[in-house]
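# Structural characterization, general
The chain contents come next:
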Amino acid sequence: MRELGLAYVRVGEFAWALLEPEPGRLDWAWLDEAVAVLAQAGLKVVLGTPTATPPKWLVDRYPEILPVDREGRRRRFGGRRHYCFSSPVYHEETRRIVTLLGERYGKHPAVAGFQTDNEYGCHGTVRCYCERCQDAFRKWLEERYGSIDVLNEAWGTVFWSQRYRTFQEVELPNLTVAEANPSHLLDYYRFASEQVRRYNRLQVEILRAHAPGKFVTHNFMGFFTDLNPFPLGEDLDFASWDSYPLGFTDLMPLPEEEKLRYARTGHPDVAAFHHDLYRAVGRGRFWVMEQQPGPVNWAPHNPNPAPGMVRLWTWEALAHGAEVVSYFRWRQVPFAQEQMHAGLHRPDYAPDAAFFEVQRVVEELGALSLPPPGQAPVALVYDPEAPWVYEVQPHGAEWNYLALVFLFYSVARRLGLDVDIVPPGAALQGYRLVLVPSLPIVREKALNAFREADGIVLFGPRSGSKNENFHIPQGLPPGPLQALLPLKVVRVESLPPGLREEVEGPWGRFSSGLWREWVETDLSPLLRFADGLGALFRAGRYLYLAAWPSPELLGALLVGLAQEGGLSPKPLPSGLRLRWRGHLVFAFNYGPEEVVLPVPSGVRFRLGGPRLSPYEVAVWEEG
C-alpha cells in the first residue's frame, strides 16, 4: 500500500463479531496488530464503527432489534443492515460498542478518523414497520402537532373517515387495503429519515468525546432517496460516498443505446452528479470512500471497466474537489457474498488492472498542485423531500424526480457548464443561473433565497404544487412562488410513453412528454403548446416551465439563459465533460472516439494534449 502511494486505509466497518466473539468478551488483538502494521508503514487508519452488522449472539439475545419490512415480515440474520433505527436496545448496544472502540483507538496517533456504520439505509432499511417504530412515530407526531385535532386537520382525515381521537390510534402507513393517506405517508418518511440522523448523532457524540481531533464521516450511497443526507451531514466533519458508476448506469432509466454506449465507462454525469451532491452535504468537503476498481457483484449486469476508467474516475473526483479517493477493495475476497467484487488485487494476491491505473494517478499527482475548488456559475437546487412527495403521489408511472434532476444536471454539463448542487434555502448569490427542476414544497427560507438570487432562476414542473402538509395550496400551484411568478396552475396531466406534445417558441420547435400543466396568467408565453396554450412563462428573472422537457428543448433553453447570464455555453461531444478547479480545466472522455478539445492554441497542458483519446484525461491551465 505504501509503495503504491496510498495514504489511508479503512478497516473494521463489519467487524463486530470479530471484536466481540461472545457477549462481553472483547478481542482487540487482531485490530491492534493491523493498526500497528499500518502505522509502521506510515499509513493513516480510518476505523469503521461495526454497527451495520450486529452479531448473531446479539440478535438471538434481542430479536426485537431486527427490522420489519413493509409487508410486515420480520427480517432475519444472515445478511447485513439487520437492525431497526428506532430500537432502544440497539441504541444501547451501539452506545456500548462505539464507546469501547472510541476509548481504545480515539487517541491512537495512526487513527485519522472514523466512519459511522456503513451505507445507512442500504437494502431498503431506512423505513422499518415494527412496534418500536410505531411507538416512536406516535411520539414524533405528538411533538410535531401538539394535539390530535391539529394532526387531523393537517392530514385531512375527514376524507375516507380516517379521523383519529388520540395519537395512540395512529398506526404505521403500511398494509392498508387502498393507498394510505398521503400526508401520513410523507410524515412517516420524514420521521424515518430523522431516526437515522438521531442514530448517527448518537455515534458521532460518542466519538467526539473519546476521539478529540479525529474526523467523523459517513459513506452515503448513489441515487439513494429514502434518506435526507443534508441534516445528517451537519453532524459530520465531511461527507463521503461510494462510487460505482457502472452499476448505477445499469440501473438507471436510460435509453438502451445510451446504456450500451456507457456500459464500460458509466454515464458521463453519474459520478460527477454525486461528487457535487455530497460536496454540498459535506458543506464543501467530501471523500470518495469506495471507488469501483473493476467489475462489481450487485448490479443486474457487471461489465469490466474500460481500460483507463479507474484513473479517469479518480481524476474526476479530484477535479470536483474530493480530498481523498479510496478504492474498494485492496484484494478481491475469495469467499462469501462479495467474492465477485473486484479489488486492486486478485484473490491470488497478484495486482489487478486497477492497481496500475492507481499507480499512474499517484505519479501524475506528484507533478500537479491542485488549487482549491471555487463556486460554479450554475446552481441546481436538489430537494431530498421531493422524491418522497412524488413516490407518495406520482400521478404518472414514469414520473421520477431523480430522472428530472439528472436531466437538468446532464444538459447543463453537456454545455460545458460547471454546476453546484445546493439544498433548498441555500444562498444563491453569485450564481449566474439557478436551476430548480422541481420543488414541490416551497418553504419561506427557500422563497427568500430565490428572492435574493443574483441570476436567472428557472423552475420546472410541479414546483410549489404542495404545502407542508401535502395539500394542494389554497391559491393553487406554484403556491408561494406566485410572489415571484404571477401565474396559477389550474390543471395537470401525466402522459404515457409515446404520447408527445409539441412546443414552439423563439428557440424552435421541440417535443415534450410525461407531464403537462395548464396555466392561467396575464404573462405572455415564451413557449406554446400546439393548442396555443403556454408552456414557458417569465416574470423578470424568474421562469416557469409547465412541462417535462425533452433534452433538446432544455438544451436550447439553457443555452439562451446561460448566454443572457454572461456565460459561454458550448455543446460538447456526447462523451466529453469538462470541470474547472481554480485555474485548471479538466477534460474527461467517456466516449469510444477521439475528441478534439475546445481549447485555444498555445494553452499549457499539464496532463494530456489537445486530442483526447477514448477514456483519457487532460488538464490545462486557463487564464
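Residues numbered from 1 in each chain as written. Predicted model: local features only at pLDDT ≥ 70, side-chain atom pairs only at ≥ 80, totals over all residues. Heavy atoms only, no water.

### A look at the UniProt feature "domain: Beta-galactosidase C-terminal" (unreviewed entry) in the chain
Under the UniProt annotation, the feature "domain: Beta-galactosidase C-terminal" (unreviewed entry) is placed at residues 576–622. Secondary structure across residues 576–622 divides into 0% helix and 51% strand, with the first and last C-alpha atoms of the span separated by 18 Å. (UniProt positions renumbered as here; feature names shortened; annotations may be inferred. Helix = DSSP H or I, 4+ residues; strand = E, 2+ residues; numbered from the N terminus.)

### Observations concerning helix H4 (residues 88–105)
For an α-helix the count is 3.6 residues per turn, leaving residues at separations of three or four pointing the same way. For H4, spanning 18 residues, the distance from its first C-alpha to its last is 26 Å, which sits close to the expected 26 Å at 1.5 Å a residue. For H4, the complete set of buried residues consists of Tyr-90, His-91, Glu-93, Thr-94, Ile-97, Val-98, Thr-99, Leu-101, Gly-102 and Tyr-105. Packing partners of the buried residues in H4 comprise helix H1 (16–19), helix H2 (29–40), strand E2 (44–48), helix H3 (56–61), strand E3 (111–115) and helix H7 (182–210). (Expected span 1.5 Å × (residues − 1). Buried < 20%, exposed > 50% of the residue type's maximum accessible area, 1.4 Å probe, protein only. Contact = heavy atoms within 4.5 Å.)

### A closer look at the sheet that holds strand E5 (residues 219–220)
Working definition: the strands of a sheet are paired by backbone hydrogen bonds and lie parallel or antiparallel to each other. Taken in spatial order, the four strands of this open sheet run E5-E6-E7-E8, and their pairing is parallel. With one partner strand each, in any of the chains shown, E5 and strand E8 (325–327) form the two edges of the open sheet. Across two bridges, the pairing between strand E7 (residues 286–291) and E8 is parallel. Counted as the bridge partner of Gln-291 is Tyr-327 from E8. (Pairing = 2+ DSSP bridges.)

### Observations concerning the nonpolar core
As a rule of thumb, nonpolar side chains are buried together in soluble globular proteins. Of all hydrophobic cores here, the largest spans 163 residues; its most connected members are Tyr-382 and Leu-458. Excluding residues within four positions of it along the chain, Leu-458 makes contact with Phe-408, Val-434, Leu-435, Val-436, Leu-536, Leu-543, Leu-545, Leu-554, Leu-557, Leu-558 and Leu-561. With 28 residues, the next largest nonpolar core counts Val-422, Val-436, Ala-453 and Phe-537 among its residues. (Core = buried A, V, L, I, M, F, W, Y, C linked by side-chain atoms within 4.5 Å.)

### Describing the UniProt feature "binding site: substrate" (unreviewed entry) in the chain
With numbering aligned to this structure, UniProt lists the feature "binding site: substrate" (unreviewed entry) at Arg-80, Asn-118 and Trp-298. Residue position: Arg-80 is located in the loop between H3 and H4. Residue classification places Arg-80 among the partly exposed positions, given a relative accessible area of 26%. Beyond its immediate stretch of four places on either side in the chain, Arg-80 contacts Phe-14, Ala-52, Thr-53, Asn-118, Glu-119, Cys-122, His-123 and Glu-338. What makes Asn-118 buried here is its relative accessible area of 2%. The contact partners of Asn-118, leaving out residues within four places of it in the chain, are Arg-10, Glu-13, Phe-14, Ala-52, Arg-80, Arg-81, His-218, Asn-219 and Glu-290. A distance of 3.3 Å separates the side chain of Asn-118 from the side chain of Gln-115, its partner in a polar contact. (Polar contact = N/O pair within 3.5 Å; in protein donor to acceptor, adjacent residues only side chain to side chain.)

### With respect to empty space enclosed by the protein
Under the defined criterion, the tally for this structure stands at six cavities of 30 Å³ or more. When its volume is computed, the largest cavity comes out at roughly 60 Å³. Forming the boundary of the largest cavity are Glu-119, Tyr-120, His-218, Asn-219, Phe-220, Met-221, Phe-224, Leu-227, Pro-229 and Tyr-278. The residue inventory of the lining of the largest cavity, partitioned by class, reads seven nonpolar, two polar and one charged. (1 Å grid on protein atoms, 1.4 Å probe; cavity = no way out; pocket = protein on both sides within 12 Å on 5 of 7 lines; lining within 4 Å. Points joined across faces, edges and corners; volume = space filled by probe spheres on them. Nonpolar A, V, L, I, M, F, W, Y, C, P; charged D, E, K, R; others polar.)

### Concerning the domain arrangement of the chain
Once the domains are mapped, the chain shows domain 1 (3–122 + 213–367), domain 2 (378–565) and domain 3 (576–621). Spacing between the C-alpha centres of domain 1 and domain 2 amounts to 35 Å. Facing the 22 residues of domain 1 at the interface are 16 residues of domain 2. Buried area between domain 1 and domain 2, both sides added, is near 1,600 Å², and the carbon and sulfur share of it is 65%. Considering only the side of domain 1, the residues that lose the most area to domain 2 are Thr-225, Asp-269 and Phe-273, jointly responsible for 36% of the buried surface there. The tally of links from domain 1 across to domain 2 stands at three salt bridges. Here Arg-413 ties to Asp-269 by a salt bridge, and the two come within 2.9 Å at their closest N and O atoms. On inspection of domain 1 and its partner domain 2, the count reaches eight residue pairs in polar contact (both at pLDDT 80 or more). For the side of domain 1 that touches domain 2, the element with the most residues is helix H11 (residues 270–281), which contributes seven residues. Looking at side-chain class alone, the side of domain 1 that touches domain 2 contains 11 nonpolar, four polar and seven charged residues. (Domains from an automatic or database assignment. Buried area = accessible area lost by both parts, 1.4 Å probe. Salt bridge = Lys/Arg side-chain N within 4 Å of Asp/Glu carboxyl O.)

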